[in-house]
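Structural description and commentary
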Amino acid sequence: MDAANGTFRTPKEALFFALNFGKQAHHPLSALSRLMRDQPLGKGVGLVGLDGAAQAGFIMAHLARLDQQNHYGACALVARCTHPRRACDCGQPCCSKSRPSEVWCEAVAELDAFACQQLGTGLSNRRLRRSIVEKHFGLDVSVEKIAHDCGIHRATASRHAGAIRKGLRELEARAWEAWDISIAEAGMLLEAA
Ligand SMILES: [Zn+2]
């Protein structure tokens, strides 16, 4: 009998859980990678019996390993599974009850170099690249507004957006493939694949 010993229905659900568990959502990926880099990662050890914090740590160790193998891919998964903003309880009168998520912002910032590669040689506008990556990972902004804010022609912005999105889609697909294998092998899923 192939008994399942995990607790997640999908690898994506596992990553979403870990990235949004407790205060982990406030830790920059780089700091987590340093913490987790040397952790041994067993195969098929399962998660049953571990509490949420231990499960999250276990999953983050796998993310750190993916980060070493495919840094931009790991950043894409982090940006996909976190929200651009997180709740804020600072209590200031001016507080809007939310603030930018450090984890999401860091992942998106890292992907700027990847976006630059997608545009090939020649100059590209850093702010344009950043805005297109932000839009791709959930920020609600139109290409028209991005073009206007960057002082760039709409058609140019659209062309750059198309190239960057294509690259990001392929990057993310490859990263999910690696992630799915990693999480399944580690025995974190409810049902054997
Ligand atoms: Zn606040």
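Refer to the preceding data block for the structure.
Residues numbered from 1 in each chain as written. Predicted model: local features only at pLDDT ≥ 70, side-chain atom pairs only at ≥ 80, totals over all residues.

1. As for the overall build of the protein
Worth spelling out the cut-off: Elements are defined by DSSP. Helices are runs of H or I of four residues or more, strands are runs of E of two residues or more, and each kind is numbered from the N terminus.
From N to C terminus, the protein includes eight helices and two strands. Start at the N end of the protein and walk to the C end: the helices and strands fall as α-α-α-α-β-β-α-α-α-α.

2. Quick look at unusual backbone geometry
A positive phi is found at Lys 97, a non-glycine position, where the angle reads about 70°. Looking at the element boundaries, Lys 97 is found in the loop between β1 (85-87) and β2 (98-100).

3. Description of helix α1 (residues 11-19)
For clarity, the threshold we go by: Counting other C-beta atoms within 10 Å of a residue's C-beta gives its exposure: the residue is buried at 20 or more, exposed at 12 or fewer, and partly exposed in between, where C-beta atoms are placed from the backbone. What the arc covers is the set of directions going from the helix axis to the C-beta atoms.
Among all positions of α1, only Pro 11, Ala 14, Leu 15, Ala 18 and Leu 19 are buried. The buried residues of α1 all sit within an arc of 120° when viewed along its axis, so they share a single face.

4. A closer look at the nonpolar core
This is how it is decided: Each nonpolar core reported here comprises buried Ala, Val, Leu, Ile, Met, Phe, Trp, Tyr and Cys residues connected via C-beta atoms within 7 Å.
Ranked by internal contacts, the top residues of the largest apolar core, which has 42 residues, are Leu 15, Val 78, Ala 79 and Leu 111. Secondary structure elements with two or more residues in this core: α1, α3 (52-69), α4 (71-81), α5 (102-118), α6 (126-136), α7 (143-150) and α8 (154-185). With eight residues, the top contributor of residues to this core is α4.

5. Some remarks on the environment of Val 78
Along the chain, Val 78 falls in helix α4. Judged by the 25 C-beta atoms lying within 10 Å of it, Val 78 is buried. Remark: the alpha-carbon pair of Val 78 and Val 103, spanning 25 residues in sequence, is separated by 7.6 Å.

6. Topic: the packing of α1 against α8
Working note: a packed helix pair is described by the angle between its axes plus the distance between those axes. In plain terms, the rule: Axis definition: a line fitted to C-alpha atoms, over the contacting stretch in the case of helices. Angles run 0 to 180 degrees between N-to-C directions. With respect to orientation, any angle under 35 degrees is reported as roughly parallel, any angle over 145 as roughly antiparallel, any angle of 65 to 115 as roughly perpendicular, and every other angle as oblique. Note that contacts rest on C-beta atoms placed from the backbone: two residues are in contact if these are within 7 Å. When residues are grouped by polarity, Ala, Val, Leu, Ile, Met, Phe, Trp, Tyr, Cys and Pro land in nonpolar, Asp, Glu, Lys and Arg in charged, and all others, Gly among them, in polar.
Running from N to C, α1 and α8 cross one another at 85°; their axes reach a closest spacing of 9 Å. Comparing the axis directions of α1 and α8 gives the class roughly perpendicular. For the pair α1 and α8, contact is made by Pro 11, Ala 14 and Leu 15 and by Trp 179, Asp 180, Ile 183 and Ala 184, respectively. The residue inventory of the contact of α1 with α8, partitioned by class, reads six nonpolar, no polar and one charged.

7. Considerations on α3
The condition is simple: To estimate the expected span of a helix, subtract one from its residue number and multiply by 1.5 Å.
Across its 18 residues, α3 extends 26 Å between first and last C-alpha, which sits within 8% of the 26 Å expected from 1.5 Å per residue. When we look at burial in α3, the residues that qualify are Gln 55, Ala 56, Phe 58, Ile 59, Met 60, Ala 61, His 62, Leu 63, Ala 64 and Asp 67.

8. Describing the environment of Glu 177
Note on placement: Glu 177 falls in helix α8. For the pair formed by Glu 177 and Pro 11, sequence separation is 166 residues and the distance between their alpha carbons is 9.8 Å.

9. Re the environment of Glu 13
Within the secondary structure layout, Glu 13 lies in helix α1. Overall, Glu 13 belongs to the partly exposed group, with 16 C-beta atoms counted inside 10 Å. Residues Glu 13 and Cys 81, 68 residues apart in the sequence, show an inter-C-alpha distance of 8.9 Å.

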